[in-house]
Amino acid sequence: MIESNICPESIRSAASAGVDTQRATLSKAERLHSKKLIDDLFGGGHSKAMSAFPIRLVFMPAPEGESSQMLISVPKRYFHRANKRNRVKRQLREAYRLNKHLIDGQNWLMAFIWLDSELHDSQDVSKCMVTLLTRLQERCLKEKKEQTHHDFHKVRTSQAFP
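1. A few points about the overall build of the chain
Across its full length, the chain carries four helices and four strands. Written out in order from the N terminus, the α and β elements of the chain read α-α-β-β-β-α-β-α. Each of the 162 residues in the chain was classed as buried or not, and the buried ones make up 32%. Pairs at least 24 residues apart make up 78% of the contacts formed inside the chain by residues separated by at least 6 positions. Summed over its atoms, the accessible surface of the chain is roughly 10800 Å², and 52% of this surface lies on carbon and sulfur atoms.

2. Notes on the sheet that holds strand S4 (residues 108-114)
In space, the four strands of this open sheet follow the order S1-S2-S4-S3, with mixed pairing throughout. Because the sheet does not close on itself, it has two edges, and the strands there are strand S1 (48-52) and strand S3 (69-73). Within the sheet, the average angular offset between the axes of one strand and its neighbour, ignoring direction, is 20 degrees. Of the pairings in the sheet, the one linking S3 to S4 comprises five bridges and is parallel in character. Bridge pairing links Leu71 to Ala111 in S4. Helix H2 (residues 35-43) rests against strand S2 (55-61), S3 and S4 of the sheet, and its axis sits at about 70 degrees to S4.

3. Looking at the environment of Gln69
With respect to the helices, strands and loops of the structure, Gln69 is situated in strand S3. Residue classification places Gln69 among the buried residues on the basis of a relative accessible area of 8%. Along the sequence, Gln69 and Leu109 sit 40 residues apart, while their C-alpha atoms lie 5.0 Å from each other. In this structure, Gln69 is in contact with Ala29, Glu30, Arg31, Leu32, Leu37, Trp108, Leu109 and Met110, ignoring residues within four places of it in sequence. Side-chain polar atoms of Gln69 contact the side chain of Glu66, separated by 3.0 Å.

Basis of the calculations
Residues numbered from 1 in each chain as written. Predicted model: local features only at pLDDT ≥ 70, side-chain atom pairs only at ≥ 80, totals over all residues. Heavy atoms only, no water. Helix = DSSP H or I, 4+ residues; strand = E, 2+ residues; numbered from the N terminus. Buried < 20%, exposed > 50% of the residue type's maximum accessible area, 1.4 Å probe, protein only. Contact = heavy atoms within 4.5 Å. Areas by Shrake-Rupley, 256 points an atom, 1.4 Å probe, with all protein chains shown as cover. Pairing = 2+ DSSP bridges. Axes fitted to C-alpha atoms, helices over the stretch in contact; angles between N-to-C directions. Polar contact = N/O pair within 3.5 Å; in protein donor to acceptor, adjacent residues only side chain to side chain.

Structure representation (structure tokens):
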């Protein structure tokens, strides 16, 4: 009999969250690997950041024609052994894969950076990921609302003073 390595809890949590488990994949196109885009994200001064310990999210809107892309970094400073760094990266990828539906319809360049020198349960990592993605969604909605409000007043004042 062949055993599967898929964790039934992650399938149940994805199904209960209304996620189509067949669609929750993380393709190559969703991974940030372009040096130019990474340099823009970290060096351009256009990015913003937020944290939900032990994860820090650095993000910026994706350029026109680009879809949402993410990158994961676990510094060697915190985990000297590669197997521990790989475990954390696997947990972050899985948490993002299961919760990326929270930011559907928006295109972001995102970097998830690990901030702790201790390992955490996958459930804790997933909770932090949900918190970050929800806050990112709220920020996007807030910025859209402000932009619409600003555009409305701009049009209104230009009509009032010909």
